[in-house]
Every structure is written in structure tokens, then in C-alpha cells.
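# Per-entry structural report
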Amino acid sequence: QILVFLFQLDRLRLFVGLPLDAVSDRNSVNHARAIGAGLKALKLLGVEGVELPVWWGVVENEMGKYDWSGYLAVAEMVQKAGLKLHVSLCFHASSQPRIPLPKWVTKIGESQSSIFFADRSGQHYQQCLSLAVDDLAVLDGKTPVQVYQGFCESFKSTFSPFMGSTITGISMGLGPDGELRYPSHHKPAKSGTITGVGEFQCYDTNMLNLLKQYAEANGNPLWGLGGPHDAPTYDQAPNSNSFFKDHGGSWESPYGDFFLSWYSSELVSHGNRLLSLASSIFGDTEVNVYGKVPLMHSWYKTRAHPSELTAGFYNTASRNGYEAVAEMFARNSCKIILPGMDLSDEHQPHDALSSPESLLAQIRTTCNKHRVEVAGQNLASGAPGGLEQIKKNMLGENPIDLFTYQRMGAHFFSPEHFPSFTEFVRSLSQPELHPDDLPSDEAEATESVQTSSDPNIHLQTA
Amino acid sequence: NPTLLFRPKAKVLLKLPRSLDCSRNRKLPLSRGSCLCSFNPRRTIHVVRASSSETALIGNFDISSSDDILYKDIFPVKRIEKVEGKFFIRLDRSKDQHDWQLTVGCSLPGKWILHWGVSYLGDSGSEWDQPPKGMRPPGSIPIKDYAIETPLKKLSEGDIFHEVKIDFNPISEIAAIHFVLKDEETGAWYQHRGMDFKVPLVDYLEDDGNIVGAKRGFGRLNFAFFPKTLGAVTGQYRIMSQVAYFLVIYRIPSEPTLGDVGALQQFSNVLLKSEASHADSQNNSIESKDSKNKNRCLEGFYEEQSIVKEVSVGNLVSVAVRKSPETGKVIVCLETDIPGDVVVHWGVCRDDAKIWEIPAAPYPPETTVFKNKALRTLLQPKATGNRSGALFTLDEEHFGFLFVLKLDDNTWLKFKEDDFYVPLLGISSVPGQYGQSDSTSEEISSKSYTDGIINEIRNLVSGLSSEKSQKTKKKEVQESILQEIEQLAAEAYSIFRSSITTVPEEVVSETETTKPAVKISSGTGTGFEILCQGFNWESHKSGRWYMELKEKASEISSLGFTVIWLPPPTESVSPEGYMPKDLYNLNSRYGTIDELKELVKSLHEVGMKVLGDVVLNHRCAHFKNQNGVWNIFGGRLNWDDRAVVADDPHFQGRGNKSSGDNFHAAPNIDHSQEFVRKDLKEWLGWLREEIGYDGWRLDFVRGFWGGYVKDYLEASGPYFAVGEYWDSLSYTYGEMDHNQDSHRQRIVDWINATNGTAGAFDVTTKGILHSALERCEYWRLSDQKGKPPGVVGWWPSRAVTFIENHDTGSTQGHWRFPGGKEMQGYAYILTHPGTPAVFYDHIFSHHRSEIASLISVRNRNGIHCRSLVKIVKAERDVYAAIIDEKVAMKIGPGYYEPPSGSQRWSLALEGRDYKGKARPGDYWSQLANVEGK
């Protein structure tokens, strides 16, 4: 009697991001045919699904009125292609390609700039709303959280036929680039360049109010008048002023601790507001809710970790700032998306004292501790050694089970890139073993018999 | 978490029906490793061709001569034969006892090459260096600056081993000899534990795990089992179970070549060295002490290892069916040249579902019943030759005869993934129907290919262990799926790329800097354009061409075309549109102006740019002048006879003399007149605005000065423009001259006059291709300077290459491309620089898929109008070129292979000469894209 065992490993789930402007501001699908061909190609490659950025500025052109038609069309294409869909709800704007916030929001911002973050020099960051207005009725009588809620609910009811079947995951936009952070670096870090420390973003009226209240409540009213006076500016190195100095920097002073605790806890509270909203809305579906946490890896090798501090993560050589973050995600049963899994230390400029790998490891360890699942993303396709690094992260000792590769477009399908991506995907799906390395037939048969009690192995007799 | 790994998914279910099918239909015990062999699909039939046994087989089959054969077919099959052999490494003193000698030998047949280098004392890492000259055996070839390739030779005919001997002086600075073995025939590499073999000549070297011979006391074999970790390797060679020394890399595209690895290693070493230099200077004293301890005591050793090479062998299975005149029964005669015992596992079926049944007796000798589901018959050796066969006598009502071949317990031979099938019923009506399998198998493959493609990929990519032994046959399907993926990617790429426009840089700042990603000029477009001529000479006949073409818009675009040339749109005296009258009346025999707009819109939607065919040279008049000559125009451009050139007496123009040649059938327009130019510029601007044309195909530009064209193009700002400058090539006594420089010079002069704002059809190349292909004079395809002989050799970015258009071909056939040679023509223009144009009639013909593949190769490899051509061969019967060091192409019956060496080439496309009977050996072109460096 010959037995045949058919079983399959649950493969790691690989997603590919669709172009940021897959749906244009007129709600039509951009490059529909290219996307169609791309979806087919991905399906044939064995990719599990695609990620679709859904923009606030495209859908809600008038407050409370939602036009989902473009995105519905994409969802149908994805469904037809037999792929899964991960939706990223984007409550921020994009500059490249240009996808602004809803016009009515921008208009409000013109007369009321305090809905945006501001830095020490008073410059406003207009790509997303300040977290300080989350619960303030600044949007024509509604709070941003209420507006986000309306958006999410409309999304849920409109896309209900896809929920749980085609749509398997939703990322809640949490800030600049959708990430849980302050817009401390106006320019995203480019690989190969040294990023400055960034700036604290606590100077809009509402942030300053919160700071003032907090300072007074803590009995230090004089500390509530503004942010640190001795922090460097955006592009400067940590040592160019005294706040982030490795030794004797103000960050280690009681004032520093006071300010950083407040600054970081505001960010975590903001994250909590939005994720609890998302999990209450989507909790009854089979869709997983995610939030994205940035990988602020510059200056990680200094004691102060300035880039993380200005971004709102109170993580230093002596304090794990991701505990509070992971705990907040755990509380809301949400998963974390970590970008930058394509970055390796060796490709960072030496002087940047950066360590994406160590930071990644730290965050992942913290998440494990809080049992928060981590999904991966890359920062940019084409980073040197990026695919190898991704593979390492995906298949290493502590494998992640979902990875979103960014992003479909001209470069993605170019002859310079696509063949290496194909090879990458195939190398992921093909077990590392050469057929010759597998046990011989006899040995395998015994092995299979031993495990045949496992209900997941399909057993067939011929 | 191991339980996670076995979570069942729908994917598992996908696989079940297949297996069930197998067990129901095939009546085969499902056993792992059951199918090493596969039917050899058409694409690779040339492998079989190598053996001349086909004719022998047919000739010797008694079935082939008889006239009453109802059906006959020969199935080429490919199976893997294992050849075992030995490989040894020996280190010993040479005869004079002074020098030492390293000998590497291999007993397997093959074209063996030792790829080797040395490392010197003090080298860190695993860098290779070129060995000193004295060490290199005769016949060695240096590979870059770090390796040598030396062929292994048999010392005499009777020898079993191919050998190579390297002599060296043990007191040299050489620390170790490194090598890998390469089989040139298959391109396979032998490595040692995934690294090179390393024979240390001093014993202080650190063991990287790849040292051959023990560190101390050579001769004591000291190998540990090393788990093989090169996952992606699909071996053509198998490693004997216990002696797991060898890893062999099959030529996989994108796997770095050895050369690349070497280069990388060198690079990393440079880095290492610079970092280590500080440490070195501090530890100098210790270092020198250490070096005194280096043990130079060499001891000889000899090691022998078993290896197995899998050679694919082509065989044939021949089946003939005839009717016995006496009994009325059907006799199936099966023969094969597969050596050894061959069992036919067979049955019959009642209908198309091909469900196996056992027919009524009698059965041939040596037949057993297998589980009441099938029969097994051992083929009987034939008296002559190494063949075996059997005769099966069947009742005539059976629908078909099904079989698979069983070579041994684990080796089954099937028809692709399926049973061999021989039709029995109905064939009598078509007596003498031969060679069916070729066409049917093609059909089956393409159908199942599209139907099952998604399912297949699951099995293929995942590499399930239960399927591991089927890898060989999966490979074919896998490749075709990869090709499909590549085509889709190329399509997506071309659309995404064409829409890259502006890239705002800054995030906060209000001034957004923009930079165009692609430089577009009207002479070239993006430089990556592929043009489709979207009509032929008959297109006007239906009266609704615009609407018909609209239906095909996405199809044309999906083939990879970026630009389409539409027929002349204006009111015209001749239905084809080339005798324009009222330029502002765009209702023509091709459709109305609204239909034209609709068509242009659809073409834009699918990402194509649209060229309007504008006839600027001449225009038909509305009215006669006082002499009764037609030279007064009406409509919006109501010019009088001042708009007509003066030097054509037929039309009595009052303008200036023509600035070019005259077209005698209609009044030639005098472009030197300011008002004419102003009106024409306005008209072109209107066409751009109103219709949405992106550019122009300019008719008969020989008729007027190119400087005016420049003026028109600058005013209308087209995305792409191409002019028709067509005159005759140079001939001497009826034979085309090799040198067509004067012909292409005239075209280049015209382009130059337009200041490069327009390209021109490369008539020169078309003409030369005619002679080269038709007369088998491929030498014509290189000019005296070794460059392409047409316009494309001189000004590639402005050459629009083509092989046919509505005038030369179609129903006019003024200068038709040699019949049957079209694909060679396209293989040339679609792989070469210039902007290729494909004629409508060829797109919608049997050439379509090959043209699509060529376009896909072009796009995949980023070949553009300025790509560099290196002509490798231009001989009587073969032309070969390498373009941008990425694509190698060959046309003509002669031989050419892309160079071996550090580049690894994989076959991208192959086609046959369609003229006459297709012979398997008659490939017209072989393209390869290099995937290595």
C-alpha cells in the first residue's frame, strides 16, 4: 500500500504596495491596465496580496460625504485577481505624488493654522493634523476623531462585501506618513545621507496648552512655557547643542525627563485614541487592525537617541520607550507594522551612528514581550542589499508572518528591479533545502507516518 | 511554533483534485518520485534532433511502410540518465622530486575545465590571485585578473580520466591553490561545500571548511559531512549519498557566476585590508614570529570521490494504428528506442473523458493486469537495432488507446503531465493523417497553460517535498510562467514609465521643484518607443476603421506598443486619404471626426501616443483656374494658385520653385510662402488640440525642404514625429550595392535639415534586409566600419526601422518584404537600436505572438533607440549581434552561440523559418538575454 501525503507549509505572507496614487483625486483608477497586469504578475509569482493606500483627501471631498468608487474598483480588481487586500487608511497628505488633505480641511487650516503641528520657529507642518486637536471640535464643529470615525464607519459599510475575505488587514493612519510619530524630520531620511536630530513639534497653540496644563499639574509651571531651549535644529548633529549631548545633556536632567515623558505620552495617547477607535469599529470583522511605528534609527548608537526623542519615542540608552507603545497596541489588540526591514547597519553612513538593525531588534523584542505581532515593510525598494536584509528579517530566527513590499510602480517593474524581486519571492517560497538534502524517500515516509496524526496533513490512499 | 507551519489552507485543497484525477484515471499507484521523465515539448525539440535516430527509427519500423496505416505518430521523449563517475585530486612530487604537482581528474564524459587561482601568503579572506605564469599549464586562459581556466585532457585515448596537472615550486609564496571544476557542455560547476576547493600548501591557513586534504598529515581523509545549504540549486548532478562533497550549480539566471563571486570577494577583501592595517602595524613583532612557525612540510595525498551526472537523453516512441483487413480489428503498434526493459502501462477509453478501461483479451505476450484498472505489457526486443515494441489488437469500437511507459520502479514516462493518447475511433476517415501530435500537443499545452496557470504556480513555486522528483518536468511549465510574469511586468512597466512626469521634491517648502524623469524630444519620444502602424491599404473599405481599431486598442497596447500611427484623417480624393482636399474636414472613409476623437481617447486611455498621418506635400484643389487647371482651393484654407509650386507645369502654380521632389498627381504646396506655413502650423495645432494627436507621421517629405518641417514641428510641439523619405537604393547591374551610404546619407540629410526634430523611416535598412534575407547574404548587415548599414548605423535615435508599410506591402505590394522572412526582419529591428515600427498586417497574423515576445525581450532588457550594437558575425549565412551587452541575437541558418565566460546567457526566444516546411533545425533567430553581469 502506498500512501501519499500532501501537506503544505503555511507560507509567509507577502504583500506588495499598490502605487500611492492608485486612485486619483477624481476617484478614477490611475494606470488601471498597468495595475491589472501587475496584479496578474504578482499572483503568478505567488504573492499573497496587495496593500492599498486609501486617502482621506481623495474620499472625503466634502465633510461627511464619501466617494469610494475608485477604491471599490481597485478592490474588485484585487478580488478578481485572487489576491488579498490590506488597506491603509491615510489621514495624512502625500507630497510625492501630491495627494493633499481634503480641501475643506486645508481651508480650515488656512484660517486656523493651529490645527497643524508647529516647530520652534513657528513653521507649520501641513501634511496631517496635530495630535493636540484630536478631541477639539476644530473641524466645523466636529473633532478630528469624530471625523476619522465617520470615515472608518463609512469604509466599513461600503466595503463590507470584501471584509474578511478579500480585505484581511487595515492600517489605521496615525500621523505623518501614517506613522505614529511627530513630524520631527520634515524630510524622510534618505539612505546614505546623515539625518539631523530633527525638532520637537510642540509649539502649536494646542500642544503648548497641553504642556502648560501638564507642567502646572506637576508643580513646575515654569517648565510648561515651551520646549527645550537647547535642542539643535533639524539638520544638526546631536552635539551641536546641549540637549542631546551624550554626557551631561539636558535630556538626562529632571527637566529633560519631565518634558520627554510628557511629549512621548501625548503621542501614545494619540495612538490609543485612534487605535481604540479602529478596533471598536473593525473589532467585529475578521480584519486585523494595524498601526505603523516608525524606525527612527539615526543616532541610535548615541545614549540620547535624539531622533527617536524628537519623533516622540522616549527611548534612550537607559529607558525602553517602546514599552508604552507596545503596551498600547496590546491593549487595543492591534498589530504593529515596522518599516525599514530592508535597512542594514552596514549600509548606513558611519558618522550617522545609526543602527536600524538594533532598533528593529529592540522594538521586536518589546513587542514579543507584550505579545504584539509585528508585520514588516521596507522603506524604499532599491536600498543596497535591501532584499537580502528583508529575507533575513522574514526568515530569520524570529520570522515575521506578513511583509508588505513597497511599492508597485515604474521602478518596481523596471528591468533593474523586477528580476531581483522575482528571484527574491521565489527564494522565499522555495524552501532553502535542495531536493537532495531532503531525507530519502524511505525516511520521509516514516516521518510522515509519525506525524500523520496531525489533522492538518492530508492523507490520501491510492 | 511548529503548529503554525501546518495550518491548512485552501492551497492544499487545490492540490487534491489533481491527485485524485491521477488515481482515478491513470490507475497508477501514486508514488513519490514516480516521474523523472517527461514528454519533451516542442520548444526543446532540438535536443532530440541531435540524435539521428529519428530517421533510423522510422525507417526500421515495419509499420511505416504499410499503406493501411490509419494513424501514426512519433513522440519525442526526454529522460534523465545517470552517469556515474569518479573525480580525484592528487598532490604529489613531480618526477624530478623537486617540484610538486597537483593533479585533478574526472572520469565522466564532458568538456571539463578547471577554473582556478592561488592565494599568497599573507592574504586574508578567500581572495584568488592569478597564478604565476610558470604554473599555468599549456592551454590556460586567464579569466579577468584572478583566475585561470585550464581544460582537462585525456592523456591518451584509452585513458579513463580527463586530467590536468599543475606544477609548482613548494617554496614559492603560494599559500593555497583554489579551484572549481566546470563542465562546459552543461555549464555546470562543481564546487566543494558551496565554496571552491582549496589545497593548502602551507598549514597555517585557517580552515574555512573547504580545504581538501587534511591540514596535517595529508592522505588521511578528514571530511565531515557538510549539510548542503545552497537552497536554490537545482542539480543536474547528483551527489552520492554518503560522500557529500559536491555541490553543483546549474545555470540559473541571476545566480552570481563564479566570476562575480570572485569579484565580490575581492572587493570585500579590499575593505578588510584597509581596516586591518592598523592592527597589523601594532602587531608586527608577533606577526613575524608567527610566520617563522609556518610549516612548509608538504605531504602528498590522493582523494577520489564519486559523482553522478544526469544527462538528458532523447528517445522516441512511435505509435502506428492500422486495421487488420482479415479480422476488422484495430492493431496498435508501439515501438521505442529506449534501452532496457520498458513496460507499457495501458488501457483504452470510451470517450473524450479518457477514463481508463481494460479491453477484452487477447493481450500481447508478457501482459499482466494491474489492479483491474490497467494492463502492463513488457515490450519485446526487436531483432534488429536496440529497439523494443509490442502489437496490441483491439476491437474497433474503442475510442482511444491510453498509455504511459514505465522504465523502472520509480521512472515513468508520460506525455507532458498526461497519458499518451492515441485516437482509435474516427481516424479511418482521415487515412494517412500523420504528425498529429505536434499540433495537438501544442493545443493541449496552451489550453492547460492558461487554465491551470494559477494552480500550477502553487505547486511550482512552493517546491513541495512530495513533488520534488517531478521537478524536472515542472521546470518547463515554470519557465513559461516566469515568461508570462515577465511579459506582464514589462507591460506594467511600459505604462507606469510613460506616466512618470513630474516629481515634487520638497515636503514643506512651497516652491516645489520639478524635474522631468524622461527627456522627451519629438525626434525620439522617450527613446523607448515602439510604433504600430495602425492600418493597411484596405482599412478604408469598411467605412468604420476608427471604430474597428478602437476595439483593438487595449490589445495593441498590451503587446507593448507605445505609439500608434493612424491613417490620414482628412477629406481626400482617394479613399486611402493620401490625396487631401479640405484639411479641416476630418470625415473620411475611416470614419467621422467624432469617431476619430473617440478612438484617440481610447488609445490614450490604454497609454498609447497617437500619430496623425499628415500630408503636407500636396493638396487637391476644389476649383479650376481660368485655364481649367485644378489649382484653386476651397474650404477653410481657401488658398489660390500662389500656394502651388511653380515648377510643375501640370498645375500652373504661381508660387516659388519646389524645395524638393515633385509628386505629380496633385498640386504640390509651396512651403516657402509665409501664409501657407502659417496656415499649416495653425492646422497642426488644431489637430493637436481638437483631435488629441500626439505627433505626426509626415507623408512624402522628399517633396519639400526639411527646414520647413522643423518649423512645423516646433510650432506644433509633437511628442514624436517621423517622416517618410523614400527613394531608391543603389544598384549596379541589377544587384544591390553593399555600400548604401549615399542612400542613407540622403535620409540623414533630411533629418539634419529638420534639426533632428523628426525621425525618418529607415528605408535603407529595409532594402538591405531584403537582399540579405532573400539571397542569404547576411554579410550585407554590416557596413565597412562594422556598424549596421542602414540609417540606424549612423543616426540610430532618429531611425524608425520597419520592414513593411501600406505602400510596400499590404495589397499594393510595391516593395514587399521577402515572404517567410518577416520574423527575421522583426528579430533584427526589434532587437536593434532605432525606433522599430511594426506593420498592422503582421501584428494581426500568425506572427503576432513572436512579435509580442520580441517586444517583450526589448522592453525587458531596456533596449532603446540609442542602444549599442556590437556586430559579432556578418557572414554569408549568419548575422549575430549583441545589443547593450544584454541581448544576443542571431538570424540566418548559420551557427552562432553567445560567448561563454563571465556572462551567462539564457535563451529568451527562438523561432523557425516559416518558409516551406518547418524543419526543427532551421531556427531563424536565437535571442538571449544575459542575466549575469
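Residues numbered from 1 in each chain as written. Chains lettered and ligands numbered in written order. Predicted model: local features only at pLDDT ≥ 70, side-chain atom pairs only at ≥ 80, totals over all residues. Heavy atoms only, no water.

### Details of the overall build of chain B
Looking only at helices and strands, chain B features 19 helices and 41 strands. The buried share among the 933 residues of chain B stands at 55%. The long-range fraction of contacts in chain B, counting pairs at least 24 apart against all pairs at least 6 apart in sequence, stands at 67%. Taken as a whole, chain B presents about 39,700 Å² of accessible surface, with 51% of it coming from carbon and sulfur. (Helix = DSSP H or I, 4+ residues; strand = E, 2+ residues; numbered from the N terminus. Buried < 20%, exposed > 50% of the residue type's maximum accessible area, 1.4 Å probe, protein only. Contact = heavy atoms within 4.5 Å. Areas by Shrake-Rupley, 256 points an atom, 1.4 Å probe, with all protein chains shown as cover.)

### Thoughts on the sheet that holds strand β36 (residues 835-839) of chain B
Residues and elements named next belong to chain B. One closed barrel accounts for eight strands, arranged β25-β26-β27-β30-β31-β34-β35-β36; its pairing is parallel. Across the sheet, the axes of successive neighbouring strands diverge by a mean angle of 30°, strand direction being ignored. Note: strand β25 (residues 531-533) against strand β26 (residues 563-565), three bridges, orientation parallel. Its bridge partner being in β26, Cys 532 is matched across the sheet by Ile 564. (Pairing = 2+ DSSP bridges. Axes fitted to C-alpha atoms, helices over the stretch in contact; angles between N-to-C directions.)

### Comments concerning the packing of aromatic side chains
This model, assessed by the stated rule, comprises 63 aromatic pairs over all chains. Both rings, one in Phe159(A) and one in Phe162(A), keep their centres 6.1 Å apart while their planes meet at 45°; by these two values the pair is tilted. Judged on exposure class, the residue Phe159(A) and its partner Phe162(A) are both buried. Among the aromatic residues, ring-to-ring pairing joins Phe117(A), Tyr182(A), Phe200(A), Tyr214(A), Trp223(A), Phe243(A), Phe244(A), Tyr255(A), Phe258(A), Phe259(A), Trp262(A) and Tyr263(A) into one connected group. Positioned above the aromatic ring of Phe844(B), the side-chain terminus of Lys552(B) is 5.1 Å from the ring centre. Just above the ring of Trp639(B) sits the side chain of Arg619(B); from NZ or CZ to the centre is 4.9 Å. (Phe/Tyr/Trp six-rings, centres within 6.5 Å; stacked < 30°, edge-to-face > 60°. Lys NZ or Arg CZ within 6 Å of the ring centre and 35° of its normal.)

### Here's the deal with the packing of helix α17 (residues 822-829) of chain B against helix α19 (residues 848-860) of chain B
The geometry of a pair of packed helices is captured by two quantities: the angle between their axes and the separation between those axes. All names here are of chain B. It is at 10 Å that the axes of α17 and α19 come closest, and there the two elements cross at 10°. Between α17 and α19, the interaxial angle falls into the category roughly parallel. Of the two possible hands of crossing, α17 and α19 adopt the one that is right-handed. Contacts between α17 and α19 involve Met 823, Tyr 826, Ala 827 and Ile 829 on the former and, on the latter, Glu 850, Ile 851, Leu 854 and Arg 858. Here the residues of the contact of α17 with α19 sort into six nonpolar, no polar and two charged. (Parallel < 35°, antiparallel > 145°, perpendicular 65-115°, else oblique. Left-handed = near helix turned anticlockwise from the far one by under 90°. Nonpolar A, V, L, I, M, F, W, Y, C, P; charged D, E, K, R; others polar.)

### Structural notes on the sheet that holds strand β2 (residues 13-17) of chain A
Residues and elements named next belong to chain A. The eight strands are arranged β2-β3-β4-β9-β10-β11-β12-β13 in a closed barrel whose pairing can be described as parallel. Ignoring strand direction, the axes of neighbouring strands in this sheet form an average angle of 30°. As paired elements, strand β11 (residues 335-338) and strand β12 (residues 374-377) share three bridges and run parallel to each other. Residue pairing for β12: Ile 336 is matched across the bridge by Val 374.

### Concerning the nonpolar core
Trp56(A), Leu89(A), Met172(A), Phe329(A) and Phe421(A) are the most contacted members of the largest nonpolar core, which has 142 residues in total. At 14 residues, helix α7 (residues 254-282) of chain A tops the list of elements feeding residues into this core. When residues no more than four places from it in sequence are discounted, the contact partners of Trp56(A) are Cys90(A), Phe91(A), Leu101(A), Pro102(A), Trp104(A), Val105(A), Leu129(A), Leu139(A), Val147(A), Tyr148(A) and Phe151(A). By size, the runner-up hydrophobic cluster in this structure holds 111 residues, among which are Tyr590(B), Ile829(B), Leu830(B) and Leu854(B). (Core = buried A, V, L, I, M, F, W, Y, C linked by side-chain atoms within 4.5 Å.)

### Considerations on the confidence of the model for chain A
Residues and elements named next belong to chain A. Of all residues in chain A, 87% have pLDDT values of 70 or greater, and the mean over the chain is 85. Residue range residues 1-10 is modelled with pLDDT below 50. Its contacts to residues more than four positions away, or to other chains, number 46 contacts. Counting contacts from residues 432-462, a segment whose pLDDT is below 50, to residues more than four positions away or on other chains yields 65 contacts. (pLDDT = per-residue confidence, 0-100.)

### A few points about the pattern of salt bridges
All names here are of chain B. Throughout the structure, instances matching the rule amount to 44 salt bridges over all chains. A salt bridge links Arg 697 to Asp 699; its shortest N-O distance comes to 2.9 Å. Judged by relative accessible area, Asp 699 falls into the buried class, the value being 7%. Overlapping salt bridges, with partners in common, bring together Asp 613, Arg 697, Asp 699 and Glu 724 in one network. (Salt bridge = Lys/Arg side-chain N within 4 Å of Asp/Glu carboxyl O.)

### A closer look at the side chain of Ser771(B)
Residues and elements named next belong to chain B. Among the secondary structure elements, Ser 771 is positioned in helix α15 (residues 763-774). Owing to a relative accessible area of 8%, Ser 771 belongs among the buried residues under this scheme. Once residues within four sequence positions are removed from consideration, Ser 771 is found in contact with Met 736, Cys 776, Glu 777 and Arg 780.

### Considering empty space enclosed by the protein
Residues and elements named next belong to chain A. What the rule picks out here adds up to 12 cavities of 30 Å³ or more. Along the wall of the largest cavity there are 16 residues; nearest its centre are Cys 128, Leu 129, Leu 174, Gly 175 and His 270. Breaking the lining of the largest cavity down by element, the ones donating at least two residues are β8 (124-129) and α7. (1 Å grid on protein atoms, 1.4 Å probe; cavity = no way out; pocket = protein on both sides within 12 Å on 5 of 7 lines; lining within 4 Å. Points joined across faces, edges and corners; volume = space filled by probe spheres on them.)

### Description of unusual backbone geometry
The linkage connecting Gln406(A) with the following residue, Arg407(A), adopts the cis geometry, with an omega of 0°. Assignment of secondary structure puts Arg407(A) in the loop between β13 (402-405) and α12 (410-413). For the peptide bond that leads from Ala361(B) to Pro362(B), omega is 5°, which places it in the cis range. Tracing the sequence through the fold places Pro362(B) in the loop between β16 (343-349) and β17 (367-370). Located in the positive-phi region is Arg371(A), a residue other than glycine, with phi close to 55°. Summarising the element assignment, Arg371(A) is placed in the loop between α10 (356-369) and β12. On the accessibility criterion, Arg371(A) (78% relative accessible area) is exposed. Its identity as a non-glycine residue notwithstanding, Gln652(B) has a phi of 50°, on the positive side.

### Details of helix α6 (residues 205-217) of chain A
Residues and elements named next belong to chain A. For α6, spanning 13 residues, the distance from its first C-alpha to its last is 18 Å, which sits close to the expected 18 Å at 1.5 Å a residue. Listed in full, the buried residues belonging to α6 are Asn 206, Met 207, Leu 211 and Ala 215. Downstream of α6 by a residue or two, Gly 219 has a phi angle that is positive, lying close to 75°. (Expected span 1.5 Å × (residues − 1).)

### So, the confidence of the model for chain B
Residue and element names in this part refer to chain B. Confidence along chain B averages 71 in pLDDT terms, with 68% of residues attaining 70 or more. The model gives residues 213-296 a pLDDT under 50, and that stretch makes 162 contacts with residues more than four places away or in other chains. Confidence drops under pLDDT 50 across residues 500-517; counting only partners more than four residues distant or on other chains, this segment forms 28 contacts. Here the complex is predicted with pTM 0.43, and the ipTM for its interfaces comes to 0.84.

### Topic: the environment of Ile564(B)
Residue and element names in this part refer to chain B. Relative to the helices and strands, Ile 564 is located in strand β26. Among the residues examined, Ile 564 registers a relative accessible area of 0% and is labelled buried. Those residues in contact with Ile 564, other than ones at most four positions away along the chain, are Cys 532, Gly 534, Leu 549, Ile 556, Leu 603, Met 608, Lys 609, Val 610 and Leu 611.

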